[in-house]
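# Reading the structure
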Amino acid sequence: MSVLLKVEGLDKFFGGVKALVRVDLDVKTDEILGVIGPNGAGKTTLFNVLTGFEPPTRGSVFFNGHEITGRPVYRLCQLGIGRTFQNIRLFGQMSVIDNVMVGMHSELKTSLLGITLHLRSHMSMEKDAYSKAMKILDFLGLHEVVTELSSNLPYGMQRKVEIARALSSNPKLLLLDEPSAGMNPQEALELMALIGEIRKLGPAVVVIEHNMQVVMGISDRIVVLNFGEKICEGTPEQVQNTPCVIEAYLGKEEESDAPGN
Amino acid sequence: MQGSRFFFPKSLFFFIAALFIPLAITNDYHLRVVNMVVLYSIVALSINLIVGFSGQLDFGRSAFVGVGAYWSAIMMQRFGFPFLPAFLSAGMICALVGAGLGLLCRKSSFDYLTLITIGFNEMCRLIFLNWQSVTNGAMGLRKVPPPVIFGYVFDTNVRYFYLSLILLSLCYVSIRRITESKLGRAFQAIRDDPIAAAYSGISVPDYKVLNFAVGSFFTGIAGSAMVHYTQYASPYNYTLDESIYILQMVILGGLGSLPGSILGTSLLVIVPEISRTFYEYRLASVGLLMVFMMIWAPNGILGRQGVGEKVIGLARFLPVRRKVSQEKGKLP
Amino acid sequence: MFLQYLINGISIGSVYALIAIGYNMVYGILELLNFAHGDVYAVGCFVTLALIAAKQNIVVAILGGFVAGFLINLIVERFAYRPVRYSGRVTPTISAVGIAYIMRNVILLVWGPETFAFEIGIKNTHVKVGNIVFGTLQIYILLIAIALMVLIQLLLKRTKQGQAVLAISQSIPTAALMGIPVNRVIAAVYGLGAGLGVLGGILFCAYYESIFLGIGFMLGTMKAWMSSIVGGIGSLKGAVIGALILGLTESFVSGYISTAYRDAFVWGFFIVFVLFKPRGLFPAQISEKV
């Protein structure tokens with residue numbers, strides 16, 4: 001497996017606040033990397049900086065061998081990086097299928113002429129995009145709510161729509177920010193299975209999670225952040241037993257069975 | 001697109017029905033009102049594209065109507081251009097100006113955009129008013145020539161009705177197709193969540209500019225069509241109050257609903273003609289309408305979850321088939 | 001001539017500043033375009049006019065106008081703004097536009113579209129220093145504007161109520177959780193904003209010795225808005241400075257370039273300014289979280 005995403009020496013300071021400090025990490029193609037850490041550890045900031053939403057104070061990000069540090073956010077899709085958000089960001093006034101089709105934006109080549117005159121080239125392209133979107137929605141079990149307004153859906157389904165949208169651009173790397181937030185245990189288990197299925201489709205996945213069951217269950221490797229620094233990295237078993245990780249979550253204590261939230 | 005096959009019969013039905021209007025309405029003044037409804041509807045559709053679909057609250061649309069009007073009138077009157085080139089060039093000029101304005105505003109937040117469009121409206125109005133040599137200042141342009149297409153002169157209400165109807169239909173179909181395409185989805189994505197839109201590959205500032213340009217094209221040709229009908233262009237017609245009034249037509253019909261724009265326009269053009277009270281207390285009437293609507297019916301009449309849908313929901317008690325969620329997720 | 005323009009610019013800028021302070025209080029907190037700011041306080045100014053015409057004491061008249069503006073905005077806030085406070089950005093804006101129109105119609109019905117003479121008993125006596133003419137009224141206005149700005153800054157920073165206002169401008173839910181009566185504070189701010197606007201409007205009308213129904217929108221809403229944006233969103237100091245800059249720009253453009261196109265040029269400069277400094281000169285720091 002080769003390295004897909006490489007983060008080198010990433011610093012992000014907001015004035016005096018050190019959100020990220022000398023963070024290095026690799027993501028290999030085909031792997032699922034979990035990112036955990038107490039609240040405020042800098043996990044979402046990490047996503048924000050490596051996707052170009054915030055410029056880093058220092059450091060670089062490489063994707064597929066090319067440097068992408070600070071590239072504008074809208075380029076990500078073309079590069080092959082998709083993302084979901086901690087607080088769901090759907091297009092609330094659009095239907096589910098339209099939400100997903102927006103994800104294909106960079107792949108569809110249209111012209112004003114083609115659109116207004118309904119030229120054959122335009123129509124067949126739209127049709128293909130439509131079926132592709134339907135396939136993804138099917139895969140995620142959302143085929144019944146395809147025409148529903150996305151803001152009308154229950155929370156769990158909205159999460160899935162967000163994932164569907166991110167998948168529609170055929171990403172090589174999928175960044176999921178707390179996908180199981182707000183889910184009950186049953187839904188969380190389904191999510192785990194889903195992420196496993198997604199991996200089979202192709203993309204490498206980086207998951208920020210608080211739900212230990214989920215993240216330990218699906219990750220090949222885990223990175224632990226605390227106060228902006230990477231304090232530990234390894235397989236789930238290794239990380240679970242590392243004292244500094246336990247300390248980060250629970251404070252200085254003797255021993256405990258597992259890091260808790 | 002799947003939607004189209006269902007779309008044609010409905011709108012085609014209205015189109016064909018509309019063809020008979022001049023037969024039903026013989027009073028010349030009434031027909032004139034109808035013509036204004038048709039022409040204003042085109043402006044309303046363009047506003048819907050910009051404000052409704054892309055969420056850019058533009059308070060200066062009337063300026064573009066004016067630009068299109070003055071340009072077209074001057075082209076024909078002073079430079080002797082035939083109608084079609086004047087008409088189309090008016091649209092292109094407005095598209096360019098719209099793109100320019102869009103470029104200025106593309107990184108601006110919501111508030112700035114609104115303020116800048118107000119400023120633009122004011123600037124245009126002042127230019128129309130003061131640039132005596134070109135626009136004839138406060139007197140305005142009179143005796144603007146009527147359209148002549150392939151020798152056929154459109155100088156009666158009936159003839160103009162058919163011209164406007166065809167124009168409206170073409171604009172309606174074009175705008176509808178735009179909203180159902182990748183472009184329309186991008187616009188709506190920008191409206192709903194610009195950050196998520198960027199993450200989906202949309203270069204938000206560029207698309208905002210495109211939205212302004214395309215919308216302004218339609219506004220411009222509407223302005224041109226209007227001025228050759230009224231045969232008069234005056235700087236007092238292209239004011240901020242006008243902009244807000246036309247915007248209100250779109251809001252009444254429902255932002256995001258194209259048929260709604262036509263409905264809203266009809267209501268706000270016809271009602272002042274019918275109701276003396278409405279006309280006399282114009283400001284308060286429109287003001288009250290706006291406040292009440294925002295509190296109780298922000299989605300307008302035909303907008304999603306608007307008044308129309310609520311009424312239809314009540315009709316569930318009648319043996320009438322309830323309108324199911326729009327076909328394949330397309331807007332009404 | 002230059003100095004004369006300068007003086008005029010500062011004078012008119014001070015009036016704008018007074019009105020901008022009132023406007024910015026609401027704008028700074030809720031970041032909502034209070035489209036109706038001008039038209040509401042215009043009603044207050046007309047109330048003052050009516051009280052003067054009814055031979056009331058000038059202080060009573062001004063107070064009456066202040067109270068009228070305050071009360072109107074309280075009512076408007078309760079019934080037209082509060083219900084839509086969290087309904088996005090388009091809806092509250094349109095609601096405010098509606099209120100603006102209603103206010104304008106009220107003035108139209110009660111007083112009419114004409115311009116009326118307006119005098120508050122402070123004669124704008126002119127003092128000549130060299131080639132320059134000062135109006136005593138101009139000086140009063142500048143002093144009052146500065147005094148009010150300082151007063152409000154103090155109130156905001158040093159009093160409990162002021163702290164409540166600042167808290168709300170940071171985060172409404174958090175402020176509510178802290179036990180701050182959000183609705184009452186916001187209502188009070190709207191009311192105060194209108195009251196200040198009335199004061200500003202009265203001084204404006206005294207300066208020009210006339211009043212008509214259009215003073216609200218163009219003056220209050222537009223100029224105040226522009227001042228706030230130039231000065232920096234959410235910053236009272238910025239609003240005052242922005243207002244002064246606006247006044248100066250108007251004065252110089254009018255003097256050196258053209259009076260007819262004055263507003264067109266001012267808008268032009270403003271638009272260009274916004275391009276280069278989109279957050280204004282002294283913006284309060286607010287960024288969007290993902």
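Residues numbered from 1 in each chain as written. Chains lettered and ligands numbered in written order. Predicted model: local features only at pLDDT ≥ 70, side-chain atom pairs only at ≥ 80, totals over all residues.

## A short note on the overall build of chain A
Regarding its fold elements, chain A presents ten helices and ten strands. A globule of 261 residues ought to have a C-alpha radius of gyration of about 18 Å, and chain A, at 19 Å, matches this closely. When the backbone C-alpha atoms are referred to their principal axes, chain A occupies close to 70 × 40 × 35 Å. Classification of the 261 residues of chain A by burial places 45% in the buried group. (Helix = DSSP H or I, 4+ residues; strand = E, 2+ residues; numbered from the N terminus. Rg over C-alpha atoms; globule rule 2.2 N^0.38 Å. Buried ≥ 20, exposed ≤ 12 C-beta atoms within 10 Å, placed from the backbone.)

## A word on the confidence of the model for chain A
Taken as a whole, chain A shows an average pLDDT of 88; of its residues, 95% reach a score of 70 or greater. When pLDDT is averaged over each helix and strand of chain A, the minimum, 75, is found for helix 10 (residues 243–250) of chain A and the maximum, 95, for helix 3 (residues 96–102) of chain A. (pLDDT = per-residue confidence, 0-100.)

## Notes on the interface of chain C and chain B
Contacts between the two partners involve 33 residues from chain C and, on the opposite side, 30 residues from chain B. Looking at the side of chain C that touches chain B, the elements with two or more residues in it are helix 4 (90–110), helix 9 (215–231) and helix 11 (262–276) of chain C. With 13 residues, helix 4 of chain C is the single largest residue contributor to the side of chain C that touches chain B. When its residues are assigned to classes, the side of chain C that touches chain B shows 23 nonpolar, seven polar and three charged. (Contact = placed C-beta atoms within 7 Å. Nonpolar A, V, L, I, M, F, W, Y, C, P; charged D, E, K, R; others polar.)

## Let's talk about the nonpolar core
Ranked by size, the top nonpolar core spans 272 residues in total, and within it C:Ala17, C:Ala20, C:Ile21, C:Val43, C:Cys45, C:Met103 and C:Val240 carry the most contacts. Each residue touching C:Ile21, except ones within four places of it in the same chain, is listed here: C:Leu148, C:Met149, C:Ile152, C:Leu196, C:Leu236, C:Ala239 and C:Val240. (Core = buried A, V, L, I, M, F, W, Y, C linked by C-beta atoms within 7 Å.)

## Quick look at the environment of C:Ser227
Residue and element names in this part refer to chain C. For Ser227, the position within the fold is in helix 9. Distance from Ser227 to Pro181, taken between C-alpha atoms, is 30 Å for residues 46 residues apart in sequence. Residues in contact with Ser227, not counting those within four places in the same chain, are Tyr16, Ala20, Ala239, Gly242, Ala243 and Leu246.

## A word on the packing of helix 9 (residues 182–192) of chain B against helix 11 (residues 204–230) of chain B
Residues and elements named next belong to chain B. Interhelical geometry of helix 9 versus helix 11 gives an angle of 115 degrees and a closest axis separation of 10 Å. Along this stretch, helix 9 crosses helix 11, giving a crossing that reads as left-handed. Contacts between helix 9 and helix 11 involve Ala186, Phe187 and Ile190 on the former and, on the latter, Val204, Tyr207, Lys208 and Asn211. Per-class residue counts for the contact of helix 9 with helix 11 are five nonpolar, one polar and one charged. (Axes fitted to C-alpha atoms, helices over the stretch in contact; angles between N-to-C directions. Left-handed = near helix turned anticlockwise from the far one by under 90°.)

## Side note on the sheet that holds strand 7 (residues 173–177) of chain A
Residues and elements named next belong to chain A. Judged by pairing direction, the sheet is mixed, and its six strands sit side by side in the order 6-7-8-3-9-10 without closing on themselves. The open sheet has two free edges, formed respectively by strand 6 (81–83) and strand 10 (229–234), since each of these has just one partner strand. In this sheet, neighbouring strand axes are inclined to one another by 15 degrees on average, regardless of whether the strands run parallel or antiparallel. Two strands pair when backbone bridges link them, and strand 3 (residues 32–36) and strand 8 (residues 204–208) are joined in this way by four bridges, in the parallel orientation. Residue pairing for strand 8: Ile32 is matched across the bridge by Val205. The strands touched by helix 7 (residues 185–201) are strand 3, strand 7 and strand 8; relative to strand 8, the strand with the most contacts, the crossing angle is about 150 degrees. (Pairing = 2+ DSSP bridges.)

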